[in-house]
Amino acid sequence: MKYKINALIYYDATDGAISLEKESVDTHLSITANALLFYFIQHPGVVNRDEVLKRVWDDNGLVSSNSNLNQYLSLLRKTFRHYGIENIIVTIAKGRLEFNPDISVELIDDSTLLPSTKTNEEAPILVKDENQIAVETVTPLTQTEIPLESTQEDVSQKTKKPEICWYLASIGFLLGAIFIAVIVFFNQHQSKPISLIPLTHNDCELLSNEAMINSSVSDNYVRNFDAVRKKLNLQCVKGERFVFFYGDKLQTNGLGRVFLAHCAKNEDNPFSYCDNYFYYSWKY
């Protein structure tokens with residue numbers, strides 16, 4: 001069947017040809033787009049979306065979905081917009097559809113050959129530029145269609161690949177962090193409490209461990225203690241005590257880590273309050 005739309009556009013429903021001149025072809029609609037347009041021309045007035053999906057897709061062995069319908073509606077609107085027709089298919093309240101009642105349709109050839117909808121077709125090529133007419137090649141009747149749903153599934157699979165990569169990278173990072181934490185945990189030295197040994201020196205109550213104040217280094221220990229205490233201008237007062245440690249380098253070149261705590265006793269608490277001094281590299 002052939003129609004004249006708005007007394008200007010020639011439309012052949014048998015192959016989806018659209019033109020401004022009777023014997024020429026400007027645009028070919030895809031098979032599904034052609035079947036959709038022909039359905040609306042044959043069913044003027046408001047129609048339900050479910051009915052359109054059933055008659056154009058389901059009854060012809062195609063996979064129907066609202067996204068498919070929306071895409072083909074967009075294709076028809078863009079195609080006819082190039083011929084000066086806005087919204088050839090209009091959307092009514094509650095998502096229902098209608099062939100634009102302001103557009104005239106005249107039957108000029110009542111041949112009984114109807115547009116083929118059972119034969120599969122290629123996915124539609126949408127208009128990329130509204131200033132250009134979307135021209136689609138006619139697909140042979142024997143050619144297998146690539147359903148739009150399959151195309152959308154391929155696109156969704158491609159978008160999922162980066163997400164999967166991010167998931168795998170996150171899992172790998174987490175496992176690596178756990179592995180490093182385990183290594184650090186087993187390699188680190190377990191903390192052990194330090195037993196402090198009291199030492200009286202020049203009215204100063206001094207505390208340190210056995211390695212610091214044994215007989216072989218005790219003279220150096222008290223000498224280094226006096227040097228650090230005097231440099232900090234700290235006095236020995238009754239009821240106060242000192243905790244003093246230093247690194248091995250202090251014995252060789254006068255440089256080394258030094259820790260000195262000046263603490264006050266209060267009742268049963270021997271370290272009620274402490275002023276702590278730490279030097280990364282001490283020289284006196």
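Residues numbered from 1 in each chain as written. Predicted model: local features only at pLDDT ≥ 70, side-chain atom pairs only at ≥ 80, totals over all residues. Heavy atoms only, no water.

## Notes on the sheet that holds strand E1 (residues 2-5)
Spatial strand order, E4-E3-E2-E1-E8: five strands in an open sheet with antiparallel pairing. If you trace the sheet from one side to the other, it starts and ends with strand E4 (27-28) and strand E8 (105-109), each paired once. In this structure, strand E3 (residues 17-19) lies alongside E4, joined through two bridges in antiparallel fashion. Residue pairing for E4: Ala-17 is matched across the bridge by His-28. Set on the sheet, helix H1 (residues 31-42) makes contact with E1, strand E2 (9-12) and E8; between it and E2 the angle comes to about 105 degrees. (Pairing = 2+ DSSP bridges. Helix = DSSP H or I, 4+ residues; strand = E, 2+ residues; numbered from the N terminus. Contact = heavy atoms within 4.5 Å. Axes fitted to C-alpha atoms, helices over the stretch in contact; angles between N-to-C directions.)

## Topic: the nonpolar core
Among the nonpolar cores identified, the biggest contains 35 residues, and Tyr-11, Leu-36, Leu-37, Phe-40 and Ile-88 are the most heavily contacted of them. For this core, the secondary structure elements donating two or more residues are E1, E2, H1, helix H2 (49-56), helix H3 (66-81) and strand E7 (97-99). For Tyr-11, the contacting residues outside a window of four places in its chain are Met-1, Lys-2, Tyr-3, Ile-5, Gly-16, Ala-17, Ile-18, Leu-29, Asn-34, Leu-37, Phe-38 and Ile-41. (Core = buried A, V, L, I, M, F, W, Y, C linked by side-chain atoms within 4.5 Å. Buried < 20%, exposed > 50% of the residue type's maximum accessible area, 1.4 Å probe, protein only.)

## Here we look at the sheet that holds strand E5 (residues 46-47)
Ordered in space as E5-E7-E6, the three strands form an open sheet in which the pairing is antiparallel. If you trace the sheet from one side to the other, it starts and ends with E5 and strand E6 (89-91), each paired once. Running at roughly 80 degrees to E7, H1 makes contact with E5, E6 and E7 of the sheet.

## Quick look at the pattern of salt bridges
For the coordinates displayed, the defined rule picks out six salt bridges. Across the salt bridge formed by Glu-51 and Arg-55, the nearest N and O atoms sit 3.7 Å from each other. Of this pair, Glu-51 and Arg-55 both sit in helix H2, four residues apart, which is roughly one turn of that helix. Judged by its relative accessible area of 37%, Arg-55 is partly exposed. Ionic pairing is found between Arg-81 and Glu-86, a salt bridge with its closest N-O pair at 3.2 Å. Among the residues examined, Glu-86 registers a relative accessible area of 48% and is labelled partly exposed. One network of salt bridges, in which partners are shared, links Glu-51, Lys-54, Arg-55 and Asp-59. (Salt bridge = Lys/Arg side-chain N within 4 Å of Asp/Glu carboxyl O.)

## Brief notes about the confidence of the model for the protein
Residues at a pLDDT of 70 or more form 73% of the protein, whose mean pLDDT is 77. The model gives residues 116-151 a pLDDT under 50, and that stretch makes 68 contacts with residues more than four places away or in other chains. (pLDDT = per-residue confidence, 0-100.)

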